[in-house]
Amino acid sequence: MWKYVAGTIVVGSVTYALIKYFAGGVCHCTTRLDGLVVVITGGNSGIGQALALELAQRDSLNNEFSEIYALVNNAGIFYHPQVLTQDGYEITLQTNYLGHFILTHHLLNLLKKSVHARIINVASEAHRNVNVYDLKAVTKCQSEFRSHFVAYGVSKLALVLFTKELSKKLLNTNVIVNAVNPGNVETNIYRNFPPLSNPWLYAIQWPLRCILIKSPRQGAQTLLHSLLTSNRSTGQYYSDCKLVLPSPIAANDKIAKEYYDLTLEVLAEWFTTESEC
Ligand SMILES: NC(=O)c1ccc[n+]([C@@H]2O[C@H](COP(=O)([O-])OP(=O)(O)OC[C@H]3O[C@@H](n4cnc5c(N)ncnc54)[C@H](OP(=O)(O)O)[C@@H]3O)[C@@H](O)[C@H]2O)c1
């Protein structure tokens, strides 16, 4: 009898410790954002929705605004069928990176009006899994990457490189920009990923996922931290509420500048002189 009780306690304690460990960092900032405007792309689901709910508890809502405190480039897709959008770009690259590149530049004037403004680019550890040759796919009309994983990895590497180069361009302004890895989070992003979109396969993995994978609220913690922390370092990569080093490619100044210029060239039709930083 005592053997079973002791066994249950040990298994329970280990499971609890594992759940706590994989839940990742927690944002302890108590800063409120009363009256401040935060723009979140992809705010109707997953991490973006959890972040919006957390922030709503720190704001008395103001619908009329002439400045923006923060822009969170969060919308994203993963393992989407590789097709060209009507604009002529590969869909994962456009959704995760190109769209945010354009949006960010068009909101810069409103961000610069805020006393302290922040841009958060929601990246991923997947940015480490691609090489510089894959990056060339920013060119219009490239319809396919080597794989769905590469398409996603490139889009996230592009975001981290964008973070680095943009932070330099904004160095003498009130706007800081950082990239954030939310960790592995249980959300709709896996809707096209066969091992998780198949109900039977998902059911088999479910017990383990309960331990290893974060909830959307837990996934939002590092975003929340980078939005609220008093640390105003810029061009950095956050994971589990801490600053960490991104991949060597993502940390390369030359690649970051070249890729920024290439993106600007490819998206030239979307910019006027005034909207550029
Ligand atoms: N979940 C993870 O394990 C994980 C890990 C690392 C990084 N991330 C990143 O975290 C971010 C949030 O993802 P999530 O996990 O919260 O997934 P999610 O629940 O699927 O949320 C993604 C959001 O992006 C929106 N979106 C997708 N395509 C869009 C488009 N073309 N235009 C505008 N909005 C679009 C979705 O809107 P609809 O629902 O209307 O399509 C949804 O609101 C993504 O950038 C993702 O890459 C997630």
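Note that residues are indexed from 1 along each chain, following the sequence as it is written. Only residues with pLDDT of at least 70 are given local features in this predicted model, and only at 80 or more are side-chain atom pairs given and counted; all residues enter the totals for whole chains, interfaces and linings. Side-chain calculation: all heavy atoms of the structure are included, whereas hydrogens and water are not.

1. So, the pairing of strand β2 (residues 70-73)
Then, in step 1: When accessible area is computed with a 1.4 Å probe and restricted to protein chains, residues below 20% of their type maximum are described as buried, those above 50% as exposed, and intermediate ones as partly exposed. Per the convention used, a helix needs a DSSP run of H or I reaching at least four residues, while a strand needs a run of E reaching at least two, with both numbered from the N terminus. Neither face of β2 is open: one carries A70 and V72, the other L71 and N73, and all of them are buried.
Then, in step 2: Sheet topology places strand β1 (residues 38-40) next to β2; three bridges connect them, and they run parallel. What sits directly across from I40, in β2, is V72.
Then, in step 3: Paired strands are those between which DSSP finds at least two bridges. Where β2 meets strand β3 (residues 117-122), four bridges bridge the pair, whose relative direction is parallel.

2. A few points about the site of the ligand
Then, in step 1: Around the ligand, the structure places 24 residues, and the nearest of them are N44, S45, Y152, T187 and Y190.
Then, in step 2: Nitrogen and oxygen atoms within 3.5 Å of one another constitute a polar contact, given that in protein one can donate a hydrogen and the other can accept it, and given that sequence-neighbouring residues count only through two side-chain atoms. Measuring from an oxygen atom of the ligand, one finds a side-chain N or O atom of Y152 at 2.6 Å.
Then, in step 3: V185 has a polar backbone atom sitting 2.8 Å from an oxygen atom of the ligand.
Then, in step 4: In the complex, 77% of the free accessible area of the ligand, which totals 890 Å², lies under the protein chains.
Then, in step 5: Elements with a minimum of two residues in the shell around the ligand: α2 (46-56) and α5 (148-169).
Then, in step 6: Residues were grouped as follows: Ala, Val, Leu, Ile, Met, Phe, Trp, Tyr, Cys and Pro as nonpolar; Asp, Glu, Lys and Arg as charged; and all remaining residues, including Gly, as polar. Of the residues belonging to the shell around the ligand, the class tally is 10 nonpolar, 12 polar and two charged. Near residues are defined by distance, with any heavy atom within 4 Å of the molecule or strand qualifying the residue. Surface exposure here means Shrake-Rupley accessible area, sampled with a 1.4 Å probe, where a residue is shielded only by the protein chains that are shown.

3. Some remarks on α5
Then, in step 1: Helices are assigned an expected span. That span is 1.5 Å times one less than the residue count. If you check α5, its first and last C-alpha atoms are 32 Å apart, about what 22 residues at 1.5 Å a residue would give, namely 32 Å.
Then, in step 2: One side-chain oxygen of the residue at the start of α5 lies 3.2 Å from the amide nitrogen of F149, identifying that residue as S147.

4. Topic: a nonpolar patch on the surface
Then, in step 1: Patch members must show over 30% relative accessible area and no salt bridge, and they are joined within 9 Å when carrying like charges or within 5 Å when they are nonpolar side chains of Val, Leu, Ile, Met, Phe, Trp or Tyr. Salt bridges are identified by distance alone: a Lys or Arg side-chain nitrogen within 4 Å of an Asp or Glu carboxyl oxygen. A surface patch of nonpolar side chains, amounting to about 640 Å² of accessible area, comprises V10, V14, L18, Y21, F22, L208 and L212.
Then, in step 2: Those elements that provide at least two residues to the nonpolar patch are α1 (2-22) and α7 (199-212).
Then, in step 3: Top element by residues in the nonpolar patch is α1. It accounts for five residues.
Then, in step 4: Locating V14 in the fold gives a position in helix α1.

5. Re α7
Then, in step 1: The end-to-end C-alpha distance of α7, which contains 14 residues, comes to 19 Å, matching closely the 20 Å that a straight helix rising 1.5 Å per residue would cover.
Then, in step 2: Throughout, bend refers to the angle between the axes fitted to the seven residues that end at a position and the seven residues that start at it. Along its length, α7 reaches its greatest deviation from straightness, about 55°, at W206, and the proline P207 lies no more than four positions downstream.
Then, in step 3: Capping the start of α7, N198 holds a side-chain oxygen 2.8 Å from the backbone nitrogen of W200, two or three residues further along.

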